[in-house]
Amino acid sequence: MTAHLSAKPGDIAETVLMPGDPLRAKWIAETFLDDATCYSSVRNMFGFTGTYKGERISVQGSGMGMPSASIYTHELLAEYGVKTLVRIGSGGAITERLGLMDVVAGIGAASESNMNRLRFGGNIDYAPVADFGLLRNAVDAAADRGVNLEVGQILSGDVFYHDHWDIYEKLAEYGVLCVEMEAAAMYTLAAKFNARALALITISDQLITKEHLDSDQRQQSLTDMVEIALDTVTR
């Protein structure tokens, strides 16, 4: 047991899907996994383990933002022997190429956070990237399901209600597709612990057109992304 997870050794699978929303974790476990059981509910940050196509899979909520996601990612990797992490989250499109419910795979995660600056002594702009094998599997899984998967750079932001739209415009000029809040931290920690990580993002907000999904849709209508993630880790 850790400070944030009440799981016992062996309760958590080596492969974990990580939504930010703990209720999305519950929905995924109940909808997609067989024989799912809850191994932790500390702080209502639910974690479940079950099977998918006969393979053992866990789903663990991470909370919002890199500080929260870093806690759960670190404990899963350092204390429970997790080897593969796939973030399944929502994000805001900063390009007109993307509409609501489109799915993005983050090949790399830029960030406005100082977390990695602090990690590397203030001198290095570390570039967190996805695991290539997982990314390739996700592209193939999406193609098999007939889902268009956009692959590109994403931004892991610290600020949800941003005051400076010009920053997003500049990032879009440089090919950044969307903004979310966790991937850069997860990619960095996966690299530290010699594990694999990938972020799959469903567009819940179109920041140019101001369209958005409601809270229930964010929790329970992201089926394409979840199925791609499950196919990715079981290929």
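Residues numbered from 1 in each chain as written. Predicted model: local features only at pLDDT ≥ 70, side-chain atom pairs only at ≥ 80, totals over all residues. Heavy atoms only, no water.

What follows concerns the pattern of salt bridges. Counting across every chain of the model gives 10 salt bridges. Across the pair glutamate 182 and arginine 87 runs a salt bridge whose closest N-O atoms are separated by 2.8 Å. Within this pair, whereas glutamate 182 is found in the loop between strand E8 (176-180) and helix H6 (183-192), its partner arginine 87 is found in strand E5 (residues 84-93), the two being separated by 95 residues in sequence. For the pair formed by glutamate 182 and arginine 87, the shared burial category is buried. The salt bridge involving glutamate 150 is made with arginine 97; its shortest N-O contact spans 2.7 Å. Residue glutamate 150 is found in strand E7 (residues 149-156), and its partner arginine 97 is found in the loop between E5 and strand E6 (103-111); the two are separated by 53 residues along the sequence. Glutamate 150 gets classed as buried once you look at its relative accessible area, which sits at 17%. (Salt bridge = Lys/Arg side-chain N within 4 Å of Asp/Glu carboxyl O. Helix = DSSP H or I, 4+ residues; strand = E, 2+ residues; numbered from the N terminus. Buried < 20%, exposed > 50% of the residue type's maximum accessible area, 1.4 Å probe, protein only.)

Attention now moves to the pairing of strand E9 (residues 196-206). Of all 11 residues making up E9, 10 are buried, and the element is well covered by its neighbours. Strand direction decides the pairing type here: E5 and E9, joined by 10 bridges, are parallel. Residue pairing for E9: glycine 89 is matched across the bridge by isoleucine 201. Relative to E9, E6 runs antiparallel, the two sharing 3 bridges. Along E9, the bridge assignment pairs valine 104 with isoleucine 201. Here E9 runs beside strand E10 (residues 211-212); their pairing, made up of 2 bridges, is antiparallel. Bridging from a neighbouring strand, glutamine 206 pairs with glutamate 211 of E10. What sits between the antiparallel neighbours E9 and E10 is a turn of 4 residues, in which lysine 210 has the positive phi angle 70°. (Pairing = 2+ DSSP bridges.)

We now examine the packing of helix H4 (residues 132-144) against helix H8 (residues 223-234). Contact pair H4 / H8: the axes reach a minimum separation of 8 Å and the direction vectors enclose 125°. Put simply, H4 runs oblique to H8. For the crossing formed where H4 meets H8, the hand is right-handed. Here Leu134, Asn137, Ala138, Ala141 and Ala142 of H4 come into contact with H8, specifically with Ile228, Asp231 and Thr232. Per-class residue counts for the contact of H4 with H8 are 5 nonpolar, 2 polar and 1 charged. (Axes fitted to C-alpha atoms, helices over the stretch in contact; angles between N-to-C directions. Parallel < 35°, antiparallel > 145°, perpendicular 65-115°, else oblique. Left-handed = near helix turned anticlockwise from the far one by under 90°. Contact = heavy atoms within 4.5 Å. Nonpolar A, V, L, I, M, F, W, Y, C, P; charged D, E, K, R; others polar.)

Moving on, we come to the packing of helix H1 (residues 22-32) against H8. In the contact formed by H1 and H8, the axes pass within 12 Å of each other and the chain directions differ by 65°. When the axes of H1 and H8 are compared, the pair comes out roughly perpendicular. As H1 runs across H8, the sense of the crossing is right-handed. Of H8, the residues touching H1 (which contributes Trp27, Ile28 and Phe32) are Thr223, Val226, Glu227 and Leu230. Of the residues in the contact of H1 with H8, the class split is 5 nonpolar, 1 polar and 1 charged.

With that settled, the discussion passes to a nonpolar patch on the surface. On the surface, Met64, Phe160 and Tyr161 cluster together into a nonpolar patch covering about 440 Å² of accessible area. Among the secondary structure elements, tyrosine 161 is positioned in the loop between E7 and helix H5 (165-173). Judged by its relative accessible area of 70%, tyrosine 161 falls in the exposed class. (Patch = residues over 30% accessible without salt bridge, like charges linked within 9 Å, V, L, I, M, F, W, Y side chains within 5 Å. Areas by Shrake-Rupley, 256 points an atom, 1.4 Å probe, with all protein chains shown as cover.)

The next thing to look at is the pairing of strand E2 (residues 34-40). Working note: regular strand, side chains alternate between the two faces of the sheet. Of the pairings in the sheet, the one linking E2 to strand E3 (residues 47-52) comprises 4 bridges and is antiparallel in character. Bridge pairing in E3 links threonine 37 to threonine 49. The turn linking E2 back onto E3 is made up of 6 residues, and arginine 43 within it adopts a positive phi angle of 60°.

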